[in-house]
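# Examination of the molecular architecture
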Amino acid sequence: GYLLAPTMGWLYFVASWGGISSISTPVVAALLTNVATPSSSESGDVGVTLGLVQSASSICTVIGPLLFKLVFSTFLQQGHVFVGAVWVLAIMLNIVGFVVWALLPRQMTVPS
């Protein structure tokens, strides 16, 4: 979206929709809480599921800025001037995310 914005007005429009995505974490947590079933162990499946989601989020929070900084600084060195490299990386990571999402099972099996 940001890359295709023809003017600054469009950039603000797209950025406002990007900001709305910040509510996705609580929505996903609520969804997982409703889907996961408590088990006989103390923590239960709900705690394990939410812990996995938070761990994945933390890994992305740590690795993401480091990766983008590395790509940005590498492609701005003399002889490699390509400012759009970070946008290309973002697009590729989004495509990977969509592929993973598309490969997820449509129905979940409930353990008996």
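For the structure itself, consult the block above.
Below, the structure is looked at part by part. From a predicted model like this one, the values you see are computed outputs, not experimental measurements. (Residues numbered from 1 in each chain as written. Predicted model: local features only at pLDDT ≥ 70, side-chain atom pairs only at ≥ 80, totals over all residues. Heavy atoms only, no water.)

## As for the overall build of the chain
Quick reminder of the rule: Numbering of helices and strands runs from the N terminus; a helix is a DSSP stretch of H or I covering at least four residues, while a strand is a stretch of E covering at least two. The buried label goes to any residue with under 20% of its type's maximum accessible area, the exposed label to any with over 50%, and the partly exposed label to all in between, with areas taken from a 1.4 Å probe on protein chains only. Whether two residues are in contact is decided by their heavy atoms: any pair within 4.5 Å suffices. What sets the accessible areas is the Shrake-Rupley method with a 1.4 Å probe; for residues, cover comes only from the shown protein chains.
Each helix and strand in the chain was counted, giving 4 helices and 0 strands. Per-residue burial for the chain yields a buried fraction of 9% across its 112 residues. Summarising the internal contacts of the chain: among those between residues at least 6 apart in sequence, 17% fall at separations of at least 24. When the accessible surface of the chain is totalled, it reaches about 9200 Å², and 73% of it is carbon and sulfur.

## As for the environment of Leu32
Along the chain, the position of Leu32 falls in helix α2 (residues 24-35). Sequence separation between Leu32 and Asp45 is 13 residues, and the spatial gap between their C-alpha atoms is 9.8 Å.

## Here's the deal with a nonpolar patch on the surface
Note the cut-off: For patch building, the residue pool is restricted to those with more than 30% relative accessible area and no salt bridge; the joining distance is 9 Å between like charges and 5 Å between nonpolar side chains (Val, Leu, Ile, Met, Phe, Trp, Tyr). By definition here, a salt bridge exists when the distance from a side-chain nitrogen of Lys or Arg to a carboxyl oxygen of Asp or Glu is within 4 Å.
Taken together, the side chains of Trp10, Phe13, Trp17, Ile20, Ile23, Val27, Leu31 and Val35 make up a nonpolar region of the molecular surface, amounting to roughly 830 Å² of accessible area. Top contributing element to the nonpolar patch by residue count: helix α1 (residues 8-20), with 4 residues. Tracing the chain through its elements places Trp17 in helix α1.

## Description of the packing of aromatic side chains
Under the convention used in this document: Working definition: a ring pair exists when centres of Phe, Tyr or Trp rings (six-membered ring for Trp) sit within 6.5 Å. Plane angles under 30 degrees give stacked, over 60 give edge-to-face, the rest tilted.
In total, this model carries 1 aromatic pair according to the counting rule given. Their ring planes at 75° and their centres at 6.2 Å tell us that Phe75 and Phe82 sit as a pair that is edge-to-face.

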